[in-house]
Amino acid sequence: MVDLLSPIVLSDDPLASAENETLDARIRVDQLRAALGSAAIALPINLILSGICAAVAWHAGHTLLALIWLAASLAVAAARVSLLRRAREMPSGTPADVERQLRGLWVITLAAGLVWAMLPALCALYTAPQSLFFLAVGCGITAGAVSHGGAYARVPIAFITPPIVSSALALLSVGGFDRNMLAATMAIYLAALIVTARRAEAAFRGASALGHRLAVVNGSLEAAHACAQASASEMRHRADHDHLTGLLNRAGFLRAAAVQIDAESAPKCLMLLDLDGFKAINDVFGHAAGDAVLVEVAQRLRRELPDAVLLGRWGGDEFAVLLAADAALTAPLALADRLIAAVAAPYPTFGTIARVGLSVGVHLAHGSAMPEMLCCADLALYAAKSAGRNRCHVFGDDLRTALELRRDIERDLPAALGNGDVSVWFQPIFGDGGTRILGLEALVRWQHPTLGWITPPDLMATAARAGFARSLMDLILDRVCCMIVALRARGFDHVTVAMNVSPREMSQLPVDRMILSALAERQLPPAALEIEITEETALDTTSCARKMAALSHAGIRIAIDDFGIGYSSLSLLRTLKVDAIKIDRCFVSGLSGSNGDQVLVKALLNLGQSLRIDVTAEGVESLEDLRMLRTFGCQMMQGYHLARPMPMTQCLAFVADAHTQAVPPNDDGVHRLAG
């Protein structure tokens, strides 16, 4: 901490020396201003006393001396006036200017002192009857000079020394005990005044230094306060804004939205925006290109949106928009179309090589709280993506029913998991052209007491939202391992069991450790298990690559489910060391009647053969589709025409029965194996 009361000390440190010089220069300026102020105050007093002294001397008969005295006093006064005027017209600048003005003031003050040194001559060396008057005036004016001129000691000392010395010498020249003692007293008086003047100057310099140091500290405190305010403002900005796009982040958007909703009673429209195809851009062109796309998307959205509209980056490749809305949603829907068109335009990063789409979920709120609005808009966004992406969907009665359904599922799922109501069924996967069971796919099942059968996607999504993803995963793993144990106990070592892992499970759970630990506990070979992931999961290489690599390295087979409907690149089949792909049922069901699907299925079968990757056709629903797949050389098949999902006990019996009743490859009667 800086000692504000410490004197100025010179230092060998160049920085400290520079600070000392600056401080000393500021003190000198203060001394000059105080000295000039004292001179201005003393000027009229000196003139009045000079006139009085001249009048007394005139009255005593010393006319010539009185005139000379008065003329000298007026001349010095004129010089002082001139000095004060110049100082006022030309303020002190450099330290040299300050010293020059102080020196000039000292010279004029010394001249004034020499004039007052003539005082003994006005009273015959203090022998005239007026001596007491002149001694009193002399003592008073010298004492006043010291008391009012202590800022710069040289000035009052220059003024008091000549008259006091001349008075003492005059007394000594006349002689006599009384006068000699008086002369000695005046010498002591002079010494005391000089000491007082110097101490006054030291006190003034100390006070001036303290003031300047306080000013420096105050300036530092103000600067620190301003810096702290700026830092706090910056921290608030960073806390509420996304560092990449500069838009509001999730937390900042929620805070701003809450303020806006509370302040306005008008209906609000919430839009949730999700980029279509961004994961492919990120994977193919790299994260730097992906970041550039996000920045460009943010700029395009901001250009299309009015200033009053709230825009934020919701996370990843998702954005949120909050705006005022009319009951018919005319303006918001038109705005959504403009946003979709703006995002779909080519990007300078990759030109026309790849495209980015935009799905929009819209919800019109009438006094709803933000969590409710978000839930509704999220359902609308999911519907837009399910309907084909790159489009807008408005939350309506159909989705409200789905929302109520989802809430019912969330409410009852914990009890269902605890009571064992959630089970795992298995659907056979056939090889050798659909004649031999080579695998089973585990499918989670839950029959809700009032809602009926809950689809696996709804069940897994609900478990993830409600915080039961791990419990559900543990349940599926346990059932899968039990099925593998049962198959091996019956001699069906060649039959593998596949289980699905959703994107949320892959990103949120330690899937690799959970699976390997479950297999190790039961001493099961990793090759008996196959993990099915979606293309969306495969594209999220940042979060899943390490886990998938660990599973693959351990010997667990990796399959990409629903292949062909997403945005995956062929490089992923090598990057993730994929063992199998499953052609999505939308390309297989009704295959015999669709030339386009036939071309695609042939291409995927050829791709698998070239890369030595197994290809399974899902959704074999008819004998015609089965025959067509056999014509194409497809060996792996799965679908209701071959076998439906069934509980574990029934499935084991089905596998045993199918093993004893194997169907020749060219026989089309495989449908008799259906469950």
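First things first, this report covers the structure right here in the doc. The numbers attached to residues start from 1 for each chain and follow its sequence in the written order. Owing to the predicted nature of the model, reporting of local features is limited to residues with pLDDT of at least 70; listing and counting of side-chain atom pairs is limited to 80 or more, with chain, interface and lining totals taken over all residues. Side-chain numbers here rest on the full set of heavy atoms in the structure, without hydrogens or water.

1. Some words on the nonpolar core
General note: in soluble globular proteins, nonpolar side chains tend to be found buried as a group. The criterion is simple. A nonpolar core is a set of buried Ala, Val, Leu, Ile, Met, Phe, Trp, Tyr and Cys residues joined through side-chain atoms within 4.5 Å. Relative accessibility decides the category of a residue: with a 1.4 Å probe and only protein chains considered, values under 20% of the type maximum give buried, values over 50% give exposed, and everything between is partly exposed. Counting 80 residues, the largest nonpolar core has Leu 440, Leu 487, Met 499, Ile 515, Leu 529, Ile 531 and Leu 629 as its most contacted members. For helices the rule is a DSSP run of H or I covering at least 4 residues; for strands it is a run of E covering at least 2, with both sets numbered from the N terminus onward. With eleven residues, helix α14 (residues 469-489) is the single largest residue contributor to this core. Pairs of residues are marked as contacts when any of their non-hydrogen atoms sit within 4.5 Å. Residues in contact with Leu 629, not counting those within four places in the same chain, are Val 588, Leu 591, Val 601, Ala 617, Val 620, Cys 634 and Met 637. Core analysis: the next-biggest nonpolar cluster, separate from the first, contains 47 residues, Leu 102, Leu 105, Leu 135 and Ala 183 among them.

2. Quick notes on the sheet that holds strand β4 (residues 357-365)
Taken together, five strands build an open sheet; the order of strands is β2-β3-β1-β4-β5 and the sheet is mixed. Edge positions in the open sheet fall to β2 (310-315) and β5 (392-394), since each of these has one partner strand only. If you compare each strand with its neighbour and ignore which way they point, the axes differ by 20° on average. Paired strands, as defined in this entry, are two strands with at least two bridges between them according to DSSP. Sheet topology note: the strand β1 (residues 268-276)/strand β3 (residues 318-324) ladder contains seven bridges and is antiparallel. Residue pairing in the sheet places Lys 268 in a bridge with Ala 324 of β3. Seen against the sheet, helix α7 (residues 250-263) touches β1, β2 and β3 and runs at an angle of roughly 145° to β2. Convention adopted: a line fitted to C-alpha atoms gives each axis, helices being fitted over their contacting stretch, and angles between N-to-C directions are expressed from 0 to 180 degrees.

3. Here's the deal with the state of the cysteines
Note on disulfides: each one is a pair of cysteine sulfur atoms within 2.5 Å. Under the counting rule described, the total for this entry stands at zero disulfides. Its sulfur unpaired, Cys 376 is 5.7 Å from the next cysteine sulfur, which belongs to Cys 375. The class of Cys 376 is buried, set by a relative accessible area of 0%.

4. What to know about the packing of α14 against helix α23 (residues 648-660)
In a packed pair of helices, the relevant descriptors are the angle between the two axes and the axis-to-axis distance. Axis separation between α14 and α23 bottoms out at 11 Å; the angle between their running directions is 30°. In terms of axis orientation, α14 runs roughly parallel to α23. Seen along the crossing, α14 lies across α23 with a hand that is right-handed. Along its contact with α14, which presents Arg 479, Cys 482, Met 483, Ala 486 and Leu 487, the element α23 presents Met 648, Cys 651, Leu 652 and Val 655. Classifying every residue of the contact of α14 with α23 by side-chain character gives eight nonpolar, no polar and one charged. Here is the rule for angles: anything less than 35 degrees is roughly parallel, anything more than 145 is roughly antiparallel, 65 through 115 is roughly perpendicular, and the remaining ranges are oblique. Handedness of each helix crossing follows the sense of rotation of the near helix against the far helix: counterclockwise by less than a right angle gives left-handed, clockwise gives right-handed. Under the grouping applied here, Gly and all other residues not named as nonpolar or charged are polar, the nonpolar ones being Ala, Val, Leu, Ile, Met, Phe, Trp, Tyr, Cys and Pro and the charged ones Asp, Glu, Lys and Arg.

5. Focus: the pairing of strand β11 (residues 557-563)
Across the seven residues of β11, five count as buried, placing the element largely inside the fold. One ladder, built from three bridges, connects β11 with strand β12 (residues 580-583); its direction is parallel. Residue pairing in the sheet places Phe 563 in a bridge with Ile 583 of β12.

6. Concerning the pattern of salt bridges
Basic side-chain nitrogens of Lys or Arg form a salt bridge, by our definition, when they fall within 4 Å of a carboxyl oxygen of Asp or Glu. Per the counting criterion, the structure on display carries 23 salt bridges. A salt bridge links Lys 582 to Glu 532; its shortest N-O distance comes to 2.7 Å. You can see Lys 582 sitting in strand β12 and its partner Glu 532 sitting in strand β10 (residues 529-534), a full 50 residues away along the chain. For the pair Lys 582 and Glu 532, a shared accessibility class is recorded, and that class is buried. Two residues, Arg 585 and Glu 621, come together in a salt bridge whose shortest N-O distance is 3.6 Å. Taken together, the positions of Arg 585 in helix α20 (residues 585-588) and Glu 621 in the loop between β13 (614-617) and α22 (623-632) put the pair 36 residues apart, joining distant regions of the chain. Note on Glu 621: relative accessible area 35%, which makes it partly exposed.

7. A closer look at α14
For α14, with 21 residues, the first-to-last C-alpha span of 30 Å sits near the 30 Å given by 1.5 Å per residue. Along α14, the residues that are buried comprise Ala 469, Leu 472, Met 473, Ile 476, Leu 477, Val 480, Cys 481, Met 483, Ile 484, Ala 486 and Leu 487. One fewer than the residue count of a helix, multiplied by 1.5 Å, yields its expected span.

8. What to know about the pairing of β13
Relative to β13, β12 is paired through four bridges, and the arrangement is parallel. Each bridged residue has a counterpart across the sheet, and for Lys 582 the counterpart in β13 is Thr 616. Pairing geometry for β13 and strand β14 (residues 636-637), over two bridges, is parallel. Bridge pairing links Thr 616 to Met 636 in β14. Taken together, β13, α22 and β14 form a β-α-β motif whose crossover is right-handed. For a crossover, the right-handed case is the one in which the path from the first strand over the helix to the second runs clockwise, viewed with the strands pointing away from the viewer.

9. Quick look at the side chain of Lys 268
Within the secondary structure, Lys 268 sits in strand β1. You can call Lys 268 buried: its relative accessible area is 5%. Within the local environment of Lys 268, its side chain forms a polar contact with the side chain of Gln 260, the two groups lying 3.2 Å apart. Setting aside residues up to four positions removed in sequence, Lys 268 forms contacts with Gln 260, Ile 261, Leu 322, Leu 323, Ala 324, Ala 325, His 363, Leu 364, Ala 365 and Met 373. Any pair of nitrogen or oxygen atoms within 3.5 Å is treated as a polar contact; in protein, a donor-acceptor pairing is required on top of that, and neighbouring residues in sequence qualify only through side-chain atoms on both sides.

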